[in-house]
Amino acid sequence: DEANEFLDKILGSTNEVWGKVFQQSGRTYTKPTLIRYSGGTTSGCGQATSAVGPFYCPADTNAYFDTSFFDILTTRFGSSGGPLAQEYVVAHEVGHHVQNQLGILPKVNQLRSRASEVDSNRISVMTELQADCFAGIWARQAQDRFGSIEPGDIDEAVNAARAVGDDMLQKGAGRTPM
């Protein structure tokens, strides 16, 4: 269907961009696997429901997307749901895959295991912001290669980041954001 084609297209674009970036730095990029699910799934990181939103699991190097997520992005979180907004969400999860391939995520997990709750949360936020940065690198590279960004797209992507950020997801799950 349309959502699956969209996910495949964007994952292909992120893989192409990161493959080239890694190649230019003398590294080899290994593509993540995209797992589609509905309602709930089991990953190498444990059980998950659609309430957690899209996520990347470093244990199995898969990016997980609930098949209804993009509808939820628009209806529940109020995102305009434009193309770059949706692409950004995919690129963000692939950004976590890039972090994993660069050895960042294992180091983050080591630091968090020894840190206080406050410091652990701070490290988590920095990790999410870096994945956002990697999504931005992808967007810039995609624009240069494919000319795919149109006026207003950046605002839509920023709104999507706000809409599905950890704070919003925690509030939606009835928890207090850290």
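I will try to describe carefully the structure that is included in this document. (Residues numbered from 1 in each chain as written. Predicted model: local features only at pLDDT ≥ 70, side-chain atom pairs only at ≥ 80, totals over all residues. Heavy atoms only, no water.)

Looking now at the overall build of the protein. Scanning the protein from terminus to terminus reveals seven helices and five strands. Each helix and strand of the protein, placed in order from N terminus to C terminus, yields the pattern α-β-β-β-β-β-α-α-α-α-α-α. The buried share among the 178 residues of the protein stands at 40%. Across the protein, contacts joining residues at least 24 apart in sequence account for 64% of those joining residues at least 6 apart. Within the structure as shown, the protein displays about 9600 Å² of accessible surface, and the carbon and sulfur contribution to it stands at 50%. (Helix = DSSP H or I, 4+ residues; strand = E, 2+ residues; numbered from the N terminus. Buried < 20%, exposed > 50% of the residue type's maximum accessible area, 1.4 Å probe, protein only. Contact = heavy atoms within 4.5 Å. Areas by Shrake-Rupley, 256 points an atom, 1.4 Å probe, with all protein chains shown as cover.)

Of the two faces of strand β2 (residues 40-43), the one lined by T41 and S43 is fully buried and the one lined by G40 and T42 carries no buried residue. As defined by bridge partners, β2 adjoins strand β3 (residues 46-49) across four bridges and the pair is classed as antiparallel. Within β3, the residue paired with T41 across the bridge is A48. The turn joining β2 and β3, which pair antiparallel and follow one another in sequence, is formed by two residues. (Pairing = 2+ DSSP bridges.)

Looking now at helix α3 (residues 83-101). Helix length check: α3, at 19 residues, gives a terminal C-alpha distance of 27 Å against a target of 27 Å (1.5 Å per residue), a fit within 8%. Burial analysis of α3 places 17 of its 19 residues in the buried class, the great majority of the element. At the C-terminal side of α3, G103 shows a positive phi close to 85°. (Expected span 1.5 Å × (residues − 1).)

Evaluation of the coordinates by the stated rule reveals one disulfide. Two residues, C45 and C57, share a disulfide whose sulfurs are 2.1 Å apart. The S-S bond linking C45 to C57 shows a torsion near 95°; that makes this disulfide right-handed. Taken together, the residues C45 in the loop between β2 and β3 and C57 in strand β4 (residues 55-57) connect sequence positions 12 residues apart. Under the relative-accessibility criterion, C57 is labelled buried at 0%. (Disulfide = S-S within 2.5 Å.)

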